[in-house]
2 protein chains.
Amino acid sequence: MSAVTHLPEPADFAPPPTATDLDRWDEADRAARPGRLARLRGRFEGASVEAYLAVRSEHSRYLSGFVLGDGEDRVAGHSGQLFVGRDEVIVLADSRYTIQAAREAPEARIEDVGYDLPGSWAALTSSVGATRVAVEAGFVSHALWRKLEAAAPDVELVAVEGWLEADRATKEPAEVERIAAACAVADRALATLLPKIRPGVTERSLALELEWLMRTGGAEAVAFDPTCLAGPQAALPHGSPGELPVLGGSVLLFDFGAKVAGYRSDMTRTLFVGEPSERDLAVYELVRRAQAEAIEQVAAIVDGELDLPSGRDLDAIARGVIEADGRWPAYRHGLGHGIGLATHEAPSLSRLAPDTPLPSPTVFSVEPGIYLEGDTGVRIEDLIFLDADAGKTERLTQFPREVLSVGG
Amino acid sequence: MSAVTHLPEPADFAPPPTATDLDRWDEADRAARPGRLARLRGRFEGASVEAYLAVRSEHSRYLSGFVLGDGEDRVAGHSGQLFVGRDEVIVLADSRYTIQAAREAPEARIEDVGYDLPGSWAALTSSVGATRVAVEAGFVSHALWRKLEAAAPDVELVAVEGWLEADRATKEPAEVERIAAACAVADRALATLLPKIRPGVTERSLALELEWLMRTGGAEAVAFDPTCLAGPQAALPHGSPGELPVLGGSVLLFDFGAKVAGYRSDMTRTLFVGEPSERDLAVYELVRRAQAEAIEQVAAIVDGELDLPSGRDLDAIARGVIEADGRWPAYRHGLGHGIGLATHEAPSLSRLAPDTPLPSPTVFSVEPGIYLEGDTGVRIEDLIFLDADAGKTERLTQFPREVLSVGG
């Protein structure tokens, strides 16, 4: 195992998206929307429903073009929620959002329901002739469900889960392009940060700098708050950066991603500050091998035109490498997750994932780790694009996975 | 009406919180938690329940000390949710969060329920001897509700809404201190930004700079994505900053807030770039007067030891000023909202708010506006601390409200 002799540089990665890219993606979304709606409506008959209530903001964007920023759904009330009939798409909005809705979702009808969806429910359902409505039961609160039932007793609510999540798991080419662009923004940001890492700098200041580099380098936002964890803190699989300074002779773990035109990236790199210990190097090498074997096996399967593995299979491959080695316990979280408009979406790669073949084309993370509490932690995470029909798998994360020693 | 002749400067506002402040607030939370739990449990008998399931991350932090970052609840599963029995507080966590939970909530029992709360529900409820459990029905999904019912048919779920929201509406002194500190961080950030505002700079770059100034100036995070809207864009009460450049002779609206030790601020200022038009000045003056009258009247009522007004009363006062003037339509949103661990919380100040006296001590925003679509918009927002027993109202937002002309 050899350490990289020169550090990656920003210019090693693709440049930020241009205004032309953004326009092309907008246009691709507009062109794709009728197909997305047809796929959703194709489920209506089987469930004997005539309409669908979409409450997740990703679903509104996917189906109508209306965009809520991250966290904005906490204050937006029903604004941005979507009511899809057989022939019509209705964006719900209160007065704060009606102008924006008309601009971003020009093909939809905008309905100002104020802050009171139950008050409009009878009129809304009858306006599209619906007597049975599919509702995202995993995201509508129990209280709202009861109020809608009471507001229109003749309209039956049908609990559905995972319809759009399943649809969104297969990716259109322009969706994959945006995820790849978000990966490049993140890759470049970390490459730009490397020379600034040295012992004594705090986790928090590095995480903030990394965020700044993404947001001034082509990201419209971060995919999630970047994590930077020094030494023993890296044993927390979902830790937050604090005032701890970077430690020489120890690991430094970054978990972060960018958001480009609505689509997200997610990557983890574990660097070494100064001279790594032999134990830490061995942990790193094992995690790297676990990740590589899972990725190589899915590539071989796709290339051999065999049946796609399940998310459970892939998790077992990476986990098996660490368990067979036997020196340290394997990660207890899952191996990975789909990604797109949401950071975590279908498909799931874990011990609990469904034992059915992965969707295709799709994008997912592969992120095994080893965590030694109070001591150290290593995780390596890349996004993989898989297209079975094209016989293709591709790493969208381009940042090297070799041992990198910084700040020495 | 006179314009301010010198611009506010960063040094006009309180300095960022110190490590001593943070320790004092931590200690205050620790000391307050038994009282907060007692108040919650005080509702058990009236509702004939023996336990409470808290799913909002603000409630976990309030009752146990366990902190999830904004947006982290989207990927945290059940981690950070809280099960409160008569004698015990249980923090739910999966393996990614157990170490953090033990550290941040040392008085609580940590229960690793993985990703499957229904699978643990029977054991969890019986471990505290609960056969009727109050559940936050406005935040638990309908699907989870059904699964919990099925998992332990002998345990009855009782839908409750607003218990902790009502408790959190009255603020402890150390909570108000943190909101005030978050206000000062935001005030100072805007004062620092003023000299950089000039025609041609984009909304997005100013919003990003403002965020950066808060996050390097004492904020652990922003309270929400800062808004910067130029000219006609300011007519969107919840618009997002875009690539539009700042326009001379037009308004520039900033709506933003900081987060300090979990507590948030929220303020809006509408500035003028270069020379304001007479019409824009008149709109501004009217909004300012509407805001001032609402605040003055609540101060007079508190000072006179009269019954506190309702949020509906206060909204009517500010709205009445604009309607009596008659030149432009009043804001269609509410006059304001409580603030604390969440940006929007109880009490509500609006036409739809309950017609009951405001809680006390409490903190809320007062933010009237006038929006002329396609043309211009003005909103002014300050946070007000009200303590009826102390006969006191206080503006926590210190940034001046006089007409400010920048970039001229």
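Because the structure is a prediction, the values reported are computed rather than measured.

### Describing the relation of the copies chain B and chain A
Reasoning step 1: Superposing chain B onto chain A takes a rotation of 180° plus a shift of 0.0 Å along the axis, which leaves an RMSD of 0.0 Å. Taken together, the rotation and translation relating the two chain copies correspond to the operation of a two-fold axis.
Reasoning step 2: Looking at the interface residues of chain B, 100% of them are also at the interface in chain A, so both copies use one shared face.

### Here we look at the confidence of the model for chain A
Reasoning step 1: Per-residue pLDDT for chain A averages 95, and the proportion of residues at 70 or more is 99%.
Reasoning step 2: For this predicted complex, the interface score ipTM comes out at 0.90, while the overall pTM is 0.93.

### Digging into the side chain of A:Glu367
All names here are of chain A.
Reasoning step 1: Residue placement: Glu-367 occurs in the loop between strand 15 (362-366) and strand 16 (369-372).
Reasoning step 2: For Glu-367, a relative accessible area of 9% translates into the label buried.
Reasoning step 3: Side-chain polar atoms of Glu-367 contact the side chain of His-337, separated by 3.1 Å.
Reasoning step 4: In contact with Glu-367, not counting residues within four places along its chain, are Asp-266, His-333, Gly-334, Leu-335, Gly-336, His-337, Arg-379, Ile-380 and Glu-381.

### Comments concerning the domain arrangement of chain A
Residue and element names in this part refer to chain A.
Reasoning step 1: Examined at the domain level, chain A breaks down into domain 1 (10-16 + 171-406) and domain 2 (42-168).
Reasoning step 2: Each partner contributes to the interface: domain 1 provides 15 residues, whereas domain 2 provides six residues.
Reasoning step 3: Between domain 1 and domain 2 lies a buried interface of about 770 Å² when both sides are counted; carbon and sulfur atoms form 38% of it.
Reasoning step 4: Connecting domain 1 to domain 2 are three salt bridges.
Reasoning step 5: Here Arg-168 makes a salt bridge to Glu-345, at a shortest N to O gap of 2.6 Å.
Reasoning step 6: Counting across the domain 1 and domain 2 interface gives five residue pairs in polar contact (both at pLDDT 80 or more).

### Let's talk about the interface of chain B and chain A
Reasoning step 1: At the junction of the two partners, chain B supplies 45 residues and chain A supplies 45 residues.
Reasoning step 2: A combined buried area of about 3900 Å² lies between chain B and chain A, and 53% of that area is made up of carbon and sulfur atoms.
Reasoning step 3: Interface area lost by chain B to chain A is led by B:His142, B:Trp212 and B:His238, which between them contribute 18%.
Reasoning step 4: The tally of links from chain B across to chain A stands at six salt bridges.
Reasoning step 5: The salt bridge involving B:Lys147 is made with A:Glu161; its shortest N-O contact spans 3.5 Å.
Reasoning step 6: The interface formed by chain B and chain A holds twelve residue pairs in polar contact (both at pLDDT 80 or more) in total.
Reasoning step 7: Counting residues per element, the ones that place at least two in the side of chain B that touches chain A are helix 4 (98-104), helix 6 (142-151) and helix 9 (203-215) of chain B.
Reasoning step 8: Residue contributions to the side of chain B that touches chain A peak at six residues, all from helix 9 of chain B.

Cut-offs used in this document
Residues numbered from 1 in each chain as written. Chains lettered and ligands numbered in written order. Predicted model: local features only at pLDDT ≥ 70, side-chain atom pairs only at ≥ 80, totals over all residues. Heavy atoms only, no water. Least-squares fit on C-alpha atoms with pLDDT ≥ 70 in both. Contact = heavy atoms within 4.5 Å. pLDDT = per-residue confidence, 0-100. Helix = DSSP H or I, 4+ residues; strand = E, 2+ residues; numbered from the N terminus. Buried < 20%, exposed > 50% of the residue type's maximum accessible area, 1.4 Å probe, protein only. Polar contact = N/O pair within 3.5 Å; in protein donor to acceptor, adjacent residues only side chain to side chain. Domains from an automatic or database assignment. Buried area = accessible area lost by both parts, 1.4 Å probe. Salt bridge = Lys/Arg side-chain N within 4 Å of Asp/Glu carboxyl O.

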